[in-house]
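Each chain, letter by letter, is given below.
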Amino acid sequence: MSLFGRFKDTKPKSARVAKERLQIIVAHERNRRSAPSYLSALQNDILAVVKKYVDIDADQIHIHVSQKNNTSVLEMNVSLPE
Amino acid sequence: MSEIIVVTSGKGGVGKTTTSASIGMGLARAGHKTVIIDFDIGLRNLDLIMNCERRVVFDFVNVIQGDANLSQALIKDKRCSDLFILPASQTKDKNALTKEGVGDILEELTKDFEYIICDSPAGIEQGALMALYFADQAIVVTNPEVSSVRDSDRILGILQSKSRRAELNMEPVKEHLLITRYHAERVESGDMLSIDDINDILAIDLLGIIPEDTSVLTSSNEGNPVIMNEVSTAGQSYQDAVGRFLGQEIPHRFLDPERKGILKRMFGG
C-alpha cells in the first residue's frame, strides 16, 4: 500500500453503493414486468402449499421465468429453514 | 410530418416542465412550429414557467369537452411566434383526459405543428399515461439519484408496453435520456451517480446533461425558459440538447468540475 493509500477512506463511495443497489432492484423489476401475469398468483399458491408443511416466509421462495430459444424455463427456488 | 414528443420521468420535481419549456422554445427558435401541452390536470404550471399565466382563458379540458375550440385555447408566445402553449385545466376531475379526446386534439394539432411536446405530470396515473400514449419520441428526465433512476426505468417499461406504438406493434417510441441537476464536483468526489453509471443502468440514447445551475430558478422566477439565458451553463446545455435532437453532433459540455484559480480558491467565489 502506498503512503497516501493509507489515509484513503476505505468505505465505498456512496455513488458506488447507489449504483449497485439500482442494478439489483432494476433487474428485479424488469424481470417482474416481463414475467407472465399468473406468476405472482402461482407463487402465492406454492407458498401456501409449502407453508402447510414448513414455516417459511414469502421471500424464501423465488420463481423465475427465462426464455431459452423457443422454450420458457420456470425455475423455482425454495430455501428451507435448517 | 409532425412528431409527438412526451417529456416524462415518473418522479416529480426532476425538471419535466423546465425541460418542456426550454426544448419547446429551442425548437421554435430553430424555426420549427411547436406547441407545448400541459398534461398536469389540476396542477398546471407550464403557464407560469412560460410567463403566460394571466393570458389563460380556455384550457385543454375545455377543448376536449367541446366548450372551446383549439384556436381559442392556444396561447401564442410573445417572444417567439412559432411557439404556442396549451394550458392544463385546474379541474379536479382526473379522468377529464380521455384517450379519444386527447387523440382527436393531437390529430388536429399535427396539421399545424411540426413538434407537439406533451409535458407529463409526475406519477403513472391517467394524466401521465395519456401524455405518453400517443408519443413518437420520449425525453425521459432523470436526476442522478436512486429514486429518479428507478422511476425512469419504470416509465421506460410503460413506454415499451402501454404506448400506442407498443399496442399497435409499430416501431417503438424513440427514447432519449436527459440528465438534469448534474453536479460535476459531487460526481468527482464519488457522492453522485456519474453519466456512465446511469447509462449502464438505463442504456438509452443520451440527449443531454443539464448541470445544476442557479439560473434555472432565476429564469423560472421571471417566467423565461432557461434556454433563453444564453450565458448560463443550463441554458447552453439545453441549446446543445435541442441541436442533438435535430440531428447535430454536439459533444457534451460542463462534465468536469470547474478548476478554480488560486485567487478564487483563496478568496472564494
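Here's a quick rundown of the structure. Here the structure is a predicted model, which is why all the values come from computation and not from measurement.

### A word on the environment of B:Ile195
Residues and elements named next belong to chain B. Among the secondary structure elements, Ile195 is positioned in helix 10 (residues 195-202). Take Ile195: its relative accessible area is 12%, and that puts it in the buried class. Setting aside residues up to four positions removed in sequence, Ile195 forms contacts with Ile179, Tyr182, Leu206 and Ile209.

### Quick notes on the pairing of strand 1 (residues 61-68) of chain A
All names here are of chain A. Both strand 1 and strand 2 (residues 71-78) contribute to a ladder of eight bridges, which runs antiparallel. Residue Lys68 lies in a different strand from strand 2, and its bridge partner there is Thr71. Two successive antiparallel strands, strand 1 and strand 2, enclose a turn made up of two residues, where Asn69 displays a positive phi of approximately 50°.

### So, the nonpolar core
All names here are of chain B. Counting residues in each nonpolar core, the largest one holds 56 residues, and the members touching the most others are Phe60 and Leu109. What Phe60 contacts, discounting residues up to four positions off in sequence, is Ile37, Asp38, Phe39, Ile41, Leu86, Pro87, Ala88, Leu97, Val102 and Ile105. Val7, Val14, Ile139 and Ala241 belong to the second-largest nonpolar core, a separate cluster that totals 32 residues.

### As for the sheet that holds strand 3 (residues 75-76) of chain B
All names here are of chain B. Judged by pairing direction, the sheet is mixed, and its eight strands sit side by side in the order 3-4-2-5-1-6-7-8 without closing on themselves. The two strands at the open ends of the sheet, each matched to only one other strand, are strand 3 and strand 8 (205-211). Here five bridges tie strand 2 (residues 34-38) to strand 5 (residues 115-119), and the two strands are oriented parallel to one another. Along strand 5, the bridge assignment pairs Val35 with Ile116. Each of strand 1 (3-8), strand 2, strand 4 (83-86) and strand 5 is contacted by helix 5 (residues 99-110), which is oriented at about 150° to strand 5, the strand it contacts most.

### What about the packing of aromatic side chains?
All names here are of chain B. Applying the stated criterion across every chain yields a total of four aromatic pairs over all chains. On the numbers, 5.5 Å between centres and 75° between planes, the contact of Phe84 with Phe113 is edge-to-face. Residue Phe84 is found in strand 4, and its partner Phe113 is found in the loop between helix 5 and strand 5; the two are separated by 29 residues along the sequence. Phe84 sits in the buried class, given a relative accessible area of 14%.

### Quick notes on the interface of chain A and chain B
In this complex, chain A contributes twelve residues to the contact, which on the side of chain B involves 15 residues. For the pair chain A and chain B, the summed buried surface comes to about 1300 Å²; carbon and sulfur atoms form 55% of the total. Of all residues in chain A, A:Lys19, A:Leu22 and A:Arg33 bury the most surface against chain B, accounting for 40% of the area lost on that side. Where chain A packs against chain B, one counts five salt bridges. The interface formed by chain A and chain B holds nine residue pairs in polar contact (both at pLDDT 80 or more) in total. Split by residue class, the side of chain A that touches chain B holds five nonpolar, two polar and five charged.

Quick notes on the rules
- Residues numbered from 1 in each chain as written.
- Chains lettered and ligands numbered in written order.
- Predicted model: local features only at pLDDT ≥ 70, side-chain atom pairs only at ≥ 80, totals over all residues.
- Heavy atoms only, no water.
- Helix = DSSP H or I, 4+ residues; strand = E, 2+ residues; numbered from the N terminus.
- Buried < 20%, exposed > 50% of the residue type's maximum accessible area, 1.4 Å probe, protein only.
- Contact = heavy atoms within 4.5 Å.
- Pairing = 2+ DSSP bridges.
- Core = buried A, V, L, I, M, F, W, Y, C linked by side-chain atoms within 4.5 Å.
- Axes fitted to C-alpha atoms, helices over the stretch in contact; angles between N-to-C directions.
- Phe/Tyr/Trp six-rings, centres within 6.5 Å; stacked < 30°, edge-to-face > 60°.
- Buried area = accessible area lost by both parts, 1.4 Å probe.
- Salt bridge = Lys/Arg side-chain N within 4 Å of Asp/Glu carboxyl O.
- Polar contact = N/O pair within 3.5 Å; in protein donor to acceptor, adjacent residues only side chain to side chain.
- Nonpolar A, V, L, I, M, F, W, Y, C, P; charged D, E, K, R; others polar.

Limitation: the analysis is restricted to geometry and does not speak to function.
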